[in-house]
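What follows is each chain in one-letter form.
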Amino acid sequence: EIYTLSLHDALPISDMERIMERVEQESSRMGGLVEDMLVLARLDQQRPVERRPVDLLTLAADAVQDARIVAPSRAIDLTVGTGAAFLVLGDEARLRQVISNLMNNALTHTPEGSPISVRILAGYQQGNPPVPCAIVEVTDHGPGLTPEQASRVFERFYRADQARGRRTGGSGLGLAIVQALVTAHGGTVSVDTAPARGATFRITLPLEIGRAHV
């Protein structure tokens with residue numbers, strides 16, 4: 001069956017603009033999804049990550065500044081601990097992605113105007129002997145997670161809030177990428193949360209040898 005469209009059936013310019021905007025948004029979303037899946041595919045193949053000195057404090061400060069630009073109505077603060085230079089060995093672009101994903105998660109899943117806190121400090125990873133590490137924490141004041149949600153929050157394509165649509169809820173890969181990238185760098189990731197108590201996402205990364213003077 002063949003349909004024809006006459007000039008009289010042409011869409012109004014306003015409708016056409018809305019359609020083109022949706023197409024552009026969907027194209028951008030799909031492009032981001034493909035890039036996220038490629039990152040995970042490379043990590044699944046256990047491809048080695050770049051190992052160069054990276055200053056986590058610089059990355060955290062940049063992420064906070066970017067978030068303040070995106071959400072100027074929010075109080076977004078950075079607290080820096082003492083006792084170590086926060087240098088780790090890794091891929092700077094991927095470690096930026098880790099912190100950016102955590103910030104985006106906090107911005108997306110909390111009420112507008114609610115504060116976000118970022119803290120970077122020195123500590124130790126469990127081991128024998130314990131390994132000096134840098135710790136980055138992103139704390140929000142959102143609805144928090146149930147124990148079941150917290151146990152699955154790093155799973156691929158998992159969305160704690162199933163009511164969110166594709167445009168607001170993301171792909172469900174952001175935190176999975178955080179976990180995969182942190183693990184590839186020899187670190188750990190965890191979440192401390194409870195319903196109505198917000199959430200603190202915490203990553204640890206081994207300090208560069210020679211910088212571990214905690």
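Attention in this report is confined to the structure presented alongside it. Since we're looking at a predicted model, the values are computed, not measured. (Residues numbered from 1 in each chain as written. Predicted model: local features only at pLDDT ≥ 70, side-chain atom pairs only at ≥ 80, totals over all residues. Heavy atoms only, no water.)

Here we take up the overall build of the protein. Summing up its helical and strand segments, the protein has 6 helices and 7 strands in all. In sequence order, the secondary structure elements of the protein are arranged as α-β-α-β-β-α-β-β-α-α-α-β-β. A separation threshold of at least 6 residues defines the contact pool for the protein, and within that pool the share at least 24 residues apart is 70%. Approximately 12600 Å² of the protein is accessible, and the part contributed by carbon and sulfur atoms is 54%. (Helix = DSSP H or I, 4+ residues; strand = E, 2+ residues; numbered from the N terminus. Contact = heavy atoms within 4.5 Å. Areas by Shrake-Rupley, 256 points an atom, 1.4 Å probe, with all protein chains shown as cover.)

The next thing to look at is the sheet that holds strand β5 (residues 131-140). Adjacent strands of a sheet form backbone hydrogen bonds with each other and so pair up, either parallel or antiparallel. Sheet architecture is open: 5 strands sit in the order β2-β4-β5-β7-β6, paired in mixed fashion. The sheet is open, and its two edges are formed by β2 (76-80) and β6 (188-193), each paired on a single side. Neighbour-to-neighbour, the strand axes of this sheet turn through a mean angle of 20°, independent of strand direction. Relative to strand β7 (residues 199-206), β5 is paired through 8 bridges, and the arrangement is antiparallel. The residue bridging D140 from the neighbouring strand is A199, located in β7. Sheet contacts for helix α2 (residues 56-70): β2, β4 (116-125), β5 and β7; angle to β2, the most-contacted strand, approximately 165°. Sheet strands touched by helix α3 (residues 92-108): β2, β4, β5 and β7. Its angle to β7, the strand with the most contacts, is close to 175°. (Pairing = 2+ DSSP bridges. Axes fitted to C-alpha atoms, helices over the stretch in contact; angles between N-to-C directions.)

The subject of this paragraph is the environment of L89. By the element assignment, L89 lies in strand β3 (residues 87-90). Residue class for L89 comes out partly exposed when judged on its relative accessible area of 35%. Sequence-wise, L89 and V49 are 40 residues apart; in three dimensions their C-alpha atoms are separated by 9.7 Å. Each residue touching L89, except ones within four places of it in the same chain, is listed here: R51, R52, P53, H185 and E208. (Buried < 20%, exposed > 50% of the residue type's maximum accessible area, 1.4 Å probe, protein only.)

With their axes 9 Å apart at the nearest point, α3 and helix α6 (residues 174-184) run at an angle of 145° to one another. Here the hand of the crossing between α3 and α6 comes out left-handed. For the pair formed by α3 and α6, the contact residues are R94, Q97, V98, N101, L102 and N105 on the first element and G174, L175, I177, V178, L181 and V182 on the second. Looking at the contact of α3 with α6, its residues break down into 7 nonpolar, 4 polar and 1 charged. (Left-handed = near helix turned anticlockwise from the far one by under 90°. Nonpolar A, V, L, I, M, F, W, Y, C, P; charged D, E, K, R; others polar.)

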